[in-house]
Amino acid sequence: MAGLDWTYGVSTLRQWESADYEPSLPVSEKSNPLTRDIDQASAYSIVKMLQLCDSQMFQEEAGTAYQRLLSDQVVKTLMEVAKRVAVIIKDPQESCVVMSGCGTSGRLAFLISSGFNKALSQLNQSKVYSYIIAGGDRALLSSQEAPEDDPRLGVLSLKKVCEGKKRVLFIGISCGLSAPFVAGQLDFCMQHPEVYTPVLVGFNPAHQASVVQRMQELAKSQKAFLINPAVGPEAISGSSRMKGGSATKILLEVAFSAAHAATFSNTPITYNGVLEHMKAYERTLDVTYSQTDGITALVEAAGQSLRCSRHVYYLGWGSLALLGLIDASECTPTFGADYEDVRGFISGGYRELNNNDGPLTSLGPKFSIAHEDFLHLILPCLTDKDTVLLIYTHPDDATEVGNMARRVREKTPNLHAVHHQADGDTAASLQQDDIKKLCLSTLKITWPRETLASGTLQHMQRELSTKLVLNAVSTGAHVLKGKIYQNHMIDLQVTNTKLYRRATRLLQKLSACPEENCEEALLKAIYRVDMLTVEMTSSDITTHTCFARNSTKVVPLALVILLTSWSLMEAESHLKQQPIVREAVAQWMW
Ligand code: F1P
């Protein structure tokens, strides 16, 4: 922790809000002043930085241009959306709620729709929630960035899900308000107002884009809704899986819970009800980060595994396992990681996942997600350099967790647990003690005892808490592995327009070269040539990003070329000798 001062003043926490802080960038792409030195930080400091970044989600509005999570307008819009959902729940034959997004946003659409459909089933009601993810179900577990750029694909998938419905509440999620896939769907909704009411969820102020402007216009007469508070820049610039994902989960769960309570327990949808529910999520952050030491232990263990090219495995039960699958799948696009680096497994496999397309195992090894798969494919080769993390909450799962812990323990002591427990639950504590004895570290998150009615609310908070912990583990571990420069991911995949633009901007920032030169270097690295042909330079971004799917280390390579004027081959061999990208490029950047 040496050299780091945790008494950050208000000015550092709020610096990003100032009009002259990185003015050309939207909030979701700005670099967070709090994490500028995250690449040099210890595991403990990393966790503390993430805590501060997350706390920015709940900062109050402060007379700047930004709406915040708890702003009046956001609460009021959530109330309106909740009322629409309540109408739909009463008419499941003819209506539905559809959530759609790309990458993390689509994965959260899946998680949230599964949770609320389950709640409806438990009440013997028909399901009304559906999800769409760009790239289809395979994108739930793997990185599929290209479809994000395709508005027509968005419309086709929306039409398919809504076939025969007379009333659709469409919720398009794009943290950066940037995904053409979602924009296409919103546009389609606005063309068919007799059926569709569009809602846009994202975390940047509304901008000049035609779709967003038209949404704003329709929002005045409540024919469309915009929920776009700012939650502050991500800890790793642009990594919207973190706060963007968390805030998406909070906003939609608050709206849907209010609708369910209004329909099934006669609780009116009120301003204070919605606000209080949001604040309950704020307390989730406190409950979670009160365990800084426990989280730090996990970050350290995972970091050590990745540093020696070994692996991190999340073995989860129930919906918390899904958060493990999601977190693991995001490491590929976010950190340029191999799918084997961080992997998630879920007890019950695809039966438990219950996704639209059913089992995806035939798509390849990365789609083997059941605990049995872990036992057959991974356990035999497990070493003490690998980190295994058990993730569970339900006391009913404790026996299975114990059995799994014993199997893993025969191969490695590097076993850890994250589990949630209600305050004073002594029966569960006894079982936990057995599991704890088998684990190197145990992160126990304790929740206040609650009545049955608030049980589902707390379950969703436990999910968010798990998301925060796992995001910290995978982000922290990759930082410790040397994948981050300052607070930028240098080795990002350049597989869609947003990522292509982010890469070009990053090259400009780090090399101080003009945009033109940066784009040229980027293309050389994508096409792996020293001289670009006319065909290459005249192709559009989609062509470049398609090609980039099969190229690795594109941005580091471009950066070395820019900083050294070396040939492509020289730059490539340099990067091979120094696989820690931050170190490979740092020597020229001071
Ligand atoms: C969608 C997304 C992210 C992913 C990556 C590429 O972003 O797929 O989830 O982590 O950054 O973009 P958005 O549309 O929600 O902004």
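Scoring rules and cut-offs
Within each chain, residue numbers correspond to sequence positions counted from 1 in written order. Local features in a predicted model are, by the rule used here, given only for residues with pLDDT of at least 70; side-chain atom pairs are given and counted only at 80 or more, and totals for whole chains, interfaces and linings are based on all residues. Side-chain figures throughout are based on the complete set of non-hydrogen atoms in the structure, without hydrogens or water. In this text, helices come from DSSP runs of H or I with a minimum length of four residues, and strands from runs of E with a minimum of two, each type numbered from the N-terminal end. Radius of gyration here uses only the C-alpha atoms, and the compact-globule reference equals 2.2 Å multiplied by the residue count raised to the power 0.38. Throughout this description, buried means an accessible area under 20% of the type-specific maximum (1.4 Å probe, protein chains only), exposed means over 50%, and partly exposed covers the range between. Any pair of residues with heavy atoms lying within 4.5 Å of one another is described as a contacting pair. Each accessible area is a Shrake-Rupley estimate made with a 1.4 Å probe; only the visible protein chains count as cover when residues are assessed. For this count, His and the chain ends are skipped, Lys and Arg are scored as positive, and Asp and Glu as negative. For charged residues, the charge sits on one atom: NZ in Lys, CZ in Arg, CG in Asp, CD in Glu. We treat two strands as partners when DSSP finds at least two bridges between them. Comment: axis = line fitted to C-alpha atoms, over the contacting stretch for helices; angle = value between 0 and 180 degrees taken between N-to-C directions. Note on terminology: a nonpolar core comprises buried Ala, Val, Leu, Ile, Met, Phe, Trp, Tyr and Cys residues joined through side-chain atoms within 4.5 Å. Working definition: residue near molecule or strand if any one of its non-hydrogen atoms lies within 4 Å of it. Pairs of N or O atoms are called polar contacts if they sit within 3.5 Å, as long as, within protein, a hydrogen donor faces a hydrogen acceptor (for residues adjacent in sequence, only side-chain-to-side-chain pairs). When residue character is reported, Ala, Val, Leu, Ile, Met, Phe, Trp, Tyr, Cys and Pro are called nonpolar, Asp, Glu, Lys and Arg charged, and the others, Gly included, polar. The salt bridge definition used is simple: a Lys or Arg side-chain nitrogen within 4 Å of an Asp or Glu carboxyl oxygen.

The chain has the name SIS domain-containing protein in an unreviewed UniProt entry, where Oreochromis aureus is given as its organism.

Asker: When you look at the overall build of the chain in this model, what are you seeing that I'm missing?
Answerer: Looking only at helices and strands, the chain has 24 helices and 12 strands in total. On C-alpha atoms alone, the chain measures out to a radius of gyration of 23 Å, which is about the 25 Å that the 2.2 N^0.38 rule sets for 590 residues. When the backbone C-alpha atoms are referred to their principal axes, the chain occupies close to 70 × 60 × 50 Å. With 590 residues in all, the chain has 59% of them scored as buried. Expressed as a percentage of contacts within the chain between residues at least 6 apart in sequence, the contacts between residues at least 24 apart total 77%. In the form shown here, the chain has an accessible surface area of approximately 23500 Å², with 51% of it arising from carbon and sulfur atoms. Looking at the chain, you have 56 positive and 62 negative side-chain charges, and the mean spots of the two groups are 3 Å apart.

Asker: I would appreciate a short explanation of the sheet that holds strand 6 (residues 312-316) in the present structure.
Answerer: Two orientations exist for strands paired in a sheet by backbone hydrogen bonds: parallel and antiparallel. The parallel open sheet is built from 5 strands, whose spatial order is 7-6-8-9-10. Where the open sheet ends on each side, the last strands, each with one partner, are strand 7 (342-346) and strand 10 (441-447). Each adjacent strand pair in this sheet contributes to an overall mean axis angle of 15°, direction not counted. Two strands pair when backbone bridges link them, and strand 6 and strand 8 (residues 387-392) are joined in this way by 5 bridges, in the parallel orientation. Looking at the pairing, Y314 lines up with L389 of strand 8. Across the sheet, helix 14 (residues 371-378) lies against strand 6 and strand 7, angled at about 130° from strand 7, the strand it touches most.

Asker: Just checking my understanding: could you explain the nonpolar core for this structure?
Answerer: The tendency in soluble globular proteins is for nonpolar side chains to be buried as a group. Residues Y129, I171 and F256 are the most contacted members of the largest nonpolar core, which totals 148 residues. One finds V98, L158, F181 and M215 within the second-largest nonpolar core, a separate group that totals 26 residues.

Asker: Help me understand the site of the ligand in this model?
Answerer: By nearness alone, 13 residues border the ligand, and S105, S174, C175, G176 and K498 come closest of all. Within the backbone of G103, a nitrogen or oxygen atom sits 3.5 Å from an oxygen atom of the ligand. Between the ligand and the protein, one listed contact pairs an oxygen atom with a backbone N or O atom of T104 at 2.9 Å. Across the complex, the protein chains shield 96% of the 380 Å² of accessible surface that the ligand would expose by itself. Considered class by class, the residues forming the shell around the ligand number 3 nonpolar, 7 polar and 3 charged.

Asker: Explanation requested: the pattern of salt bridges in the structure shown.
Answerer: Any two side chains of opposite charge can pair, on the condition that their charged atoms come close. Applying the stated rule across the entire model yields 22 salt bridges. Measuring nitrogen to oxygen at the nearest pair gives 4.0 Å for the salt bridge that ties R107 to E330. Of the two residues, R107 is situated in helix 4 (residues 104-122) and E330 in helix 12 (residues 318-335); the sequence distance between them amounts to 223 residues. Judged on exposure class, the residue R107 and its partner E330 are both buried. The closest approach of N and O atoms between K524 and E520, which form a salt bridge, is 3.5 Å. With K524 and E520 both in helix 19 (residues 515-527), this residue pair falls 4 residues apart, about one helical turn. K524 gets classed as buried once you look at its relative accessible area, which sits at 17%. Note on E520: relative accessible area 38%, which makes it partly exposed.

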